[in-house]
Amino acid sequence: MSITTVGIIGAGTMGNGIAQVCAVAGIHTILVDISEAAVQKGLATVAGSLDRLVKKEKISAADKDAILARIKTSTSYDDLNAAQLVIEAATENHDIKVKILKQVDALVGPEVIIATNTSSISITELAATTSRAEKFVGMHFFNPVPMMALVEVIRGLQTSDATHAAVQELAKVLGKTPITVKNNPGFVVNRVLIPMINEAFFVLAEGLATAEDIDAGMKLGCGQPMGPLALADLIGLDVCLAIMEVFLEGFGDSKYRPAPLLKEMVAAGRLGRKTGQGVYKY
């Protein structure tokens with residue numbers, strides 16, 4: 001199955017990034033959000049990203065115009081009927097995702113594949129809320145989507161071989177490297193990454209070192225391009241906390257308990273770059 005038209009629900013950071021890589025790859029893209037302001041903001045983000053590529057002479061101005069022309073914006077799920085694959089890229093909240101997925105499932109044709117960009121929620125469980133569990137899959141992109149090469153393709157218990165193969169092929173068309181992952185809380189990357197970030201908050205709270213020194217230690221000692229606390233600010237402290245809570249509930253193991261400092265900072269609204277302050281000020 002060759003996918004030539006993709007629908008994306010959510011024009012935020014992940015959604016507009018996915019829309020950009022799809023349009024760059026020549027795929028017709030339908031970007032949907034709840035308001036015209038939201039979709040226009042997402043489209044403006046894509047345009048700004050493409051402007052930077054024009055300035056670097058990686059694409060031409062004509063290329064930019066052609067890419068943007070492949071992105072159709074909408075506030076109606078009805079427009080998703082033209083897609084062969086719909087990717088849900090809403091906020092990392094179980095109830096919100098289930099509500100969206102049920103609406104999409106009821107609207108699009110039975111041949112359409114539905115994917116979720118969740119970073120931690122069970123694919124098997126989300127698939128079971130739809131009438132097409134065999135055509136449901138996880139397609140986890142990483143932020144920033146245009147820059148990051150990886151896509152985790154997560155198979156639920158019900159995901160068919162044909163669905164898995166179609167989504168893997170699409171990831172390659174997008175210039176990404178897909179890895180196949182079994183359904184489990186956090187999948188592979190976040191299963192390793194987020195507990196490391198959580199541990200950095202424990203270390204910070206215990207006063208073992210400053211945030212700057214913790215990050216410098218991990219960058220210089222482990223070769224990481226960004227320290228765990230700076231990365232938490234980039235990801236969003238609320239997202240890190242939500243994933244740790246999924247781990248704690250999913251595994252029932254106290255080693256996944258969220259750091260109290262992480263919880264407190266989220267309660268204070270210090271979520272990282274998106275709010276101007278997290279571990280660091282921006």
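As annotated in an unreviewed UniProt entry, the protein chain carries the name 3-hydroxybutyryl-CoA dehydrogenase and is attributed to Giesbergeria anulus. Under the UniProt heading Sequence similarities (unreviewed entry), the note attached to the protein chain is "Belongs to the 3-hydroxyacyl-CoA dehydrogenase family."

Engineer: Lay out the pattern of salt bridges with the relevant residues and their values.
Structural biologist: One pass over the full model with this rule turns up 7 salt bridges. D238 serves as the salt-bridge partner of K274, at 2.9 Å between the closest nitrogen and oxygen. Pair noted here: K274 is in the segment after α11 (260–267) and D238 is in helix α10 (residues 237–251), with a separation of 36 residues, a long-range link. On the basis of relative accessible area, D238 is assigned to the partly exposed category, the value being 26%. Several salt bridges share partner residues, and in doing so they unite E88, E92 and K97 into one network.

Engineer: Account for the side chain of K64, with residues named and values stated.
Structural biologist: Within the secondary structure, K64 sits in helix α3 (residues 61–69). The exposure class assigned to K64 is buried, which follows from its relative accessible area of 17%. When residues no more than four places from it in sequence are discounted, the contact partners of K64 are A47, L50, D51, V54 and I59.

Engineer: Let's hear about helix α8 (residues 211–222): which residues, and what values?
Structural biologist: For α8, spanning 12 residues, the distance from its first C-alpha to its last is 16 Å, which sits close to the expected 16 Å at 1.5 Å a residue. Listed in full, the buried residues belonging to α8 are A211, I214 and D215. Buried residues of α8, seen end-on, are gathered within an arc of 95 degrees and therefore sit on one face of the element. Of the exposed residues in α8, the ones pointing more than 90 degrees away from its buried face are D213, L220 and G221. Contacts from the buried residues of α8 go to α7 (189–205) and α9 (228–235). Looking one or two places after α8, you find G223, whose phi comes out positive at around 70 degrees.

What counts as what
Residues numbered from 1 in each chain as written. Predicted model: local features only at pLDDT ≥ 70, side-chain atom pairs only at ≥ 80, totals over all residues. Heavy atoms only, no water. UniProt positions renumbered as here; feature names shortened; annotations may be inferred. Salt bridge = Lys/Arg side-chain N within 4 Å of Asp/Glu carboxyl O. Helix = DSSP H or I, 4+ residues; strand = E, 2+ residues; numbered from the N terminus. Buried < 20%, exposed > 50% of the residue type's maximum accessible area, 1.4 Å probe, protein only. Contact = heavy atoms within 4.5 Å. Expected span 1.5 Å × (residues − 1). Arc of directions from axis to C-beta.

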